[in-house]
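# Structural characterization, general
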Amino acid sequence: MSFALGVILLSSCKDKPQKLEESAKEVSFSKEGELQVFYRESDSLLAEIAIEIADSEYETQTGLMYRREMKDTQGMLFIFQEEAYHSFYMKNTLIALDLLFIDADMQVVTIAKNAQPYDETGIPSRVPVQYVLEIKAGLSDRLGISEGDRIAFQRIP
């Protein structure tokens with residue numbers, strides 16, 4: 001009897017994530033700030049991006065999960081209390097992303113390109129960072145963003 005109960009419990013646990021995923025409410029973009037990316041050599045403006053800001057534990061854990069779309073002019077900026085090693089994954093993330101890892105001096109130090117939806121493999125910063133910007137996959141190449149470029153951002157009151 002306990003074996004049958006174990007099989008039922010295991011099979012029901014296996015189904016729960018799928019049901020949760022299917023029933024999750026779609027989240028829409030909410031502009032909370034503006035971010036600029038500047039070319040490292042001349043400080044010329046490369047891009048302006050409307051951003052959502054993730055700075056609470058819940059927001060950093062959820063990130064861009066369950067988003068069905070994101071415009072080229074949008075992104076999410078993760079802000080951490082202090083510079084440290086950080087790792088991200090694409091669990092429940094429906095769109096491919098580029099992740100720009102940014103140090104406390106606002107300099108892009110590493111870029112993870114084309115992170116694939118649902119991939120739970122860790123994407124490490126490789127060096128200590130205080131910010132991470134997530135944008136649509138391929139956008140960093142199209143905009144010409146590379147390591148060494150700098151960012152600035154402003155919150156919308």
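Here's what I pulled together on the structure shown here. The model shown is predicted, which means the values in this text are computed figures rather than measured ones. (Residues numbered from 1 in each chain as written. Predicted model: local features only at pLDDT ≥ 70, side-chain atom pairs only at ≥ 80, totals over all residues. Heavy atoms only, no water.)

## A look at the overall build of the chain
When you go through the chain residue by residue, the secondary structure sums to 3 helices and 9 strands. Looking at the chain as a whole, 36% of its 157 residues are labelled buried. Of the contacts made within the chain by residues no fewer than 6 positions apart, 69% connect residues no fewer than 24 positions apart. Accessible surface for the chain amounts to roughly 9400 Å². Of this, 52% is attributable to carbon and sulfur atoms. (Helix = DSSP H or I, 4+ residues; strand = E, 2+ residues; numbered from the N terminus. Buried < 20%, exposed > 50% of the residue type's maximum accessible area, 1.4 Å probe, protein only. Contact = heavy atoms within 4.5 Å. Areas by Shrake-Rupley, 256 points an atom, 1.4 Å probe, with all protein chains shown as cover.)

## Some words on unusual backbone geometry
Peptide bonds are trans in most cases, and residues, glycine excluded, mostly fall at negative phi. Positive phi, close to 70°, is recorded for Tyr66, a residue that is not glycine. Counting through the fold element by element, Tyr66 comes out in the loop between α2 (57–62) and β3 (74–84). Positive phi, normally seen in glycine, also occurs at Met106, with a value near 70°. Its place among the elements puts Met106 in the loop between β5 (97–102) and β6 (108–115).

## Focus on the environment of Asn92
Assignment of secondary structure puts Asn92 in the loop between β4 (87–88) and β5. Sequence separation between Asn92 and Asp119 is 27 residues, and the spatial gap between their C-alpha atoms is 8.5 Å.

## Quick word on the sheet that holds β5
If you walk across this open sheet you meet the 7 strands as β6-β5-β8-β3-β2-β1-β9, and the pairing is mixed. Of all the strands in the sheet, the pair left with one neighbour each is β6 and β9 (150–155). Between one strand and the next, the sheet's axes are offset by a mean angle of 30°, whatever the strand orientation. As paired strands, strand β1 (residues 33–38) and strand β2 (residues 45–54) are joined by 6 bridges and run antiparallel to one another. Bridge pairing in β2 places Gln36 opposite Glu48. (Pairing = 2+ DSSP bridges. Axes fitted to C-alpha atoms, helices over the stretch in contact; angles between N-to-C directions.)

## A look at the side chain of Gln130
Position of Gln130 among the secondary structure elements: in strand β8 (residues 129–136). With near-sequence residues (within four places) excluded, Gln130 lies in contact with Phe78, Ile79, Phe80, Gln81, Glu82, Glu83, Ile102, Asp103 and Ala104.

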